[in-house]
Amino acid sequence: MGILSKKDAGLIKDPLFDNNPITIQVLGICSALAITAELKASIVMALSVMFVLGLGNVVISLMRNIIPSKIRIIVQLIVVAALVIIVDLVLKAFAYELSKTLSVFVGLIITNCIIMGRFEAFALGNTPWKSFLDGIGNALGYGVILVIVGFFRELLGSGTLLGFKVLGDPIEKTGLYALGYENNGFMLLSPMALIVVGIIIWVQRTKNKALIEEA
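Here's a quick rundown of the structure.

Rules and cut-offs
- Residues numbered from 1 in each chain as written.
- Predicted model: local features only at pLDDT ≥ 70, side-chain atom pairs only at ≥ 80, totals over all residues.
- Heavy atoms only, no water.
- Helix = DSSP H or I, 4+ residues; strand = E, 2+ residues; numbered from the N terminus.
- Contact = heavy atoms within 4.5 Å.
- Areas by Shrake-Rupley, 256 points an atom, 1.4 Å probe, with all protein chains shown as cover.
- Lys, Arg positive; Asp, Glu negative; His and termini not counted.
- Charge placed at Lys NZ, Arg CZ, Asp CG, Glu CD.
- Expected span 1.5 Å × (residues − 1).
- Buried < 20%, exposed > 50% of the residue type's maximum accessible area, 1.4 Å probe, protein only.

1. Describing the overall build of the chain
- Secondary structure assignment for the chain yields nine helices and two strands.
- Mapped in sequence order, the helices and strands of the chain form the string α-α-α-α-α-α-α-α-β-β-α.
- Residue pairs at least 24 apart in sequence account for 74% of intrachain contacts in the chain once pairs closer than 6 positions are excluded.
- Element-wise, carbon and sulfur atoms account for 70% of the exposed surface of the chain, whose accessible area totals about 11700 Å².
- The averaged location of the 14 negative side-chain charges in the chain is 7 Å from the averaged location of its 17 positive side-chain charges.

2. Focus on helix H4 (residues 72-94)
- With 23 residues, H4 should cover 33 Å at 1.5 Å per step; its first-to-last C-alpha distance of 33 Å lies within 8% of that length.
- Those residues of H4 that fall on the buried side of the exposure criterion are Val75, Gln76, Val79, Val80, Leu83, Val84, Val87 and Leu91.
- In this fold, the buried residues of H4 make contact with helix H3 (39-63), helix H5 (96-102), helix H6 (104-107) and helix H7 (113-121).

3. Regarding unusual backbone geometry
- Positive phi values are uncommon outside glycine, yet Val26 reaches one of about 55°.
- Tracing the sequence through the fold places Val26 in the loop between helix H1 (6-13) and helix H2 (29-34).
- Look at Leu162: it is not a glycine, yet its phi comes out positive at around 55°.
- Checked against the element boundaries, Leu162 lands in the loop between strand S1 (160-161) and strand S2 (164-165).
- The partly exposed category is assigned to Leu162, whose relative accessible area is 39%.

4. Examining the side chain of Gln76
- Locating Gln76 in the fold gives a position in helix H4.
- If sequence neighbours within four positions are ignored, Gln76 has contacts with Ile60, Met116, Phe119, Glu120 and Leu124.

Set out below in structure tokens:
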């Protein structure tokens, strides 16, 4: 018997595929458009959301029986704001240049619909362990899409991955650039992130017909 039961494993796997927060629930789109021009920023944002959502779900679950229903949203905002402040301070201390790149978008994790949605829909009604798994699963589903979008936008837009030149030198015309390849500057614009997400949604629904909504 594995560490996780089938039901617990589903809390992690479902958001990765059949119930992805971005491609199925259409949540957290703003950050997917704003910070995915670089793969490094996409990875850091994904890890930040995983920390906030995983730990936040546990905190809300532990407090679920003592939070008055009339102020539950305020309590949820305080919890997520505290966790986001921790993330912001850690980034400024250990990755200052990247923190400047992410800028206000780290703070906007507070308003991420995925986080508030999981607090309200799951953590308030389940145990800390299940809430932790749910938080990690949804954060992974969110993060996978960010990383995929960031990978293609940086590769095709800048010819780099994590800042390293992988297609050659566009100035000295080495690698693919020697064959006439040019970086697609449009990939660095936010609308291209939406197009890449749209392609992912199309591929996902092509592979799983059950996800196609009836007209």
